[in-house]
Amino acid sequence: MKEEWISQFIDDELTLDEKIAFVGTVHEDSPFREECLDLLRQEKRLREPPSRDVPMPALSPRPRRSLLSFRPLQWALVLLVAGVALVLARNLSPPAKEANVPYRFVVYQPGADRVEIAGTFTGWERVSLNRSGNSGYWEIVLSLPPVEHRYTYVIDGERTMSDPTVPGRERDDFGGENSIIPPGGMA
Amino acid sequence: MLIAMGDFGSFYLRHRKELFHYLLRMTGDAALSEDLLQESFTRFLDRYGREDPTLPLLFTIARNALFDHWRKRRPLPSGDWSGETGGENPEEGVIVREEARAVLRALGTLPEDERDLLSLAVTGGLSYREIAAVSGLSEGNVKVRIHRARRKLRDLLREE
């Protein structure tokens, strides 16, 4: 019992009475004190994070924006923006282009026959994910510029799904949500 | 427009690191830990949704995912608790700190249940009561086994 006080002390599991007894034992019992110090030093090594980096896995889907569902006013706005962009593109020198980086999109859909992704980087066109064996996962790696990206998964051509591991979201104009990856990714 | 992350988004950002390090301590394999991290959050969402996520439930799901993986892959890989990524190109994966590899190797030689309990205690911020709930053991049993694991680990690290 007394020996286990050391781990309870390390894990902050001692009651107040046990803490009193523990401190008394540390004071009086030299081998006990040495074991405490040994295990506390070990704990520093043990609790040191084993890796500096922690992956930010991409997972699930969200509602999809369909170009066909744009209303006429929205099409007019799109054309206006496109026109302005074209004029700017002709008159301004292009900014230095940043190198693309690989983004891995993974979603768990064991019952699906087809999983696609649609986003700003595909012009909201659907791109098929690849089934990962019999694991139930679907995945695709896309080489994308390190800018903000918005996307959704489409399951079996109908159901849209947002990515639960990507906290950034926006509501689209059609009752759904798009996931948002900030510039530079999620790390 | 970015909207609020919500409970689950905050929960994910707050706990993915400790869950990943728990899995790394359990497996010694960064690439496998990354896959299990992803699977754990996916299972969580699939089965429990976004409302009121709890840490003990997350660790319960992660342990189940890990044990499912081990059941499918028996026998367990042994003798290579180097913390390498295990992938074809380790440069692309998470790199385990050099100074942590001895600890991972020593953890890898502990009995699976003791490694599990100690990893839960040092990684997840779980109380003994929560670890008891996650592991299905009594709180008293958890207390005894965690201390036993620490002492074994000390002996193993002395031999390094």
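Further up the page is the structure itself.
What you are looking at is a predicted structure, and each value in this text was computed from that prediction instead of being measured.

A.B. asks: Describe the interface of chain B and chain A, listing the residues and the values that go with them.
C.D. replies: With 49 residues of chain B in contact, the opposing surface of chain A contributes 43 residues. Interface of chain B and chain A: buried area, both sides summed, is about 4300 Å²; carbon and sulfur atoms make up 56% of it. Among the residues of chain B in contact with chain A, B:Q38, B:R97 and B:R150 are the three that bury the most area, contributing 16% of the side total. Where chain B touches chain A, the interface holds 6 salt bridges. Where A:E43 meets B:R150, a salt bridge forms, and the shortest distance between an N and an O atom there is 2.8 Å. Applying the counting criterion to the chain B and chain A interface returns 17 residue pairs in polar contact (both at pLDDT 80 or more). At the level of secondary structure, the elements contributing two or more residues to the side of chain B that touches chain A comprise α1 (6-27), α2 (30-48), α4 (101-109), α5 (112-123) and α7 (139-159) of chain B.

A.B. asks: Outline a nonpolar patch on the surface, supporting the account with residue identities and numerical values.
C.D. replies: Residue and element names in this part refer to chain A. On the surface, F9, L37 and L40 cluster together to form a nonpolar patch covering roughly 230 Å² of accessible area. Among the structural elements, L40 can be located in helix α3 (residues 30-47). Residue class for L40 comes out partly exposed when judged on its relative accessible area of 33%.

A.B. asks: Can you explain the environment of A:I6? Please cite residues and give values.
C.D. replies: Counting through the fold element by element, A:I6 comes out in helix α1 (residues 4-10). The class of A:I6 is buried, set by a relative accessible area of 1%. For A:I6, the contacting residues outside a window of four places in its chain are A:F22, A:F32, A:E35, A:C36, A:L39 and B:H147.

A.B. asks: Before we move on, could you go through α5(B) and cite the residues and values that matter?
C.D. replies: All names here are of chain B. Compared with an ideal rise of 1.5 Å per residue, which puts 12 residues at 16 Å, α5 spans 16 Å between its outermost C-alpha atoms and is within 8% of the ideal. Burial of α5 is extensive: 10 of the 12 residues sit out of reach of the surface. Where α5 is concerned, the buried positions are E114, R115, D116, L117, L118, S119, L120, A121, V122 and T123. Residue G125 follows α5 closely and has a positive phi angle near 70 degrees.

Rules used in this analysis
Residues numbered from 1 in each chain as written. Chains lettered and ligands numbered in written order. Predicted model: local features only at pLDDT ≥ 70, side-chain atom pairs only at ≥ 80, totals over all residues. Heavy atoms only, no water. Contact = heavy atoms within 4.5 Å. Buried area = accessible area lost by both parts, 1.4 Å probe. Salt bridge = Lys/Arg side-chain N within 4 Å of Asp/Glu carboxyl O. Polar contact = N/O pair within 3.5 Å; in protein donor to acceptor, adjacent residues only side chain to side chain. Helix = DSSP H or I, 4+ residues; strand = E, 2+ residues; numbered from the N terminus. Patch = residues over 30% accessible without salt bridge, like charges linked within 9 Å, V, L, I, M, F, W, Y side chains within 5 Å. Areas by Shrake-Rupley, 256 points an atom, 1.4 Å probe, with all protein chains shown as cover. Buried < 20%, exposed > 50% of the residue type's maximum accessible area, 1.4 Å probe, protein only. Expected span 1.5 Å × (residues − 1).

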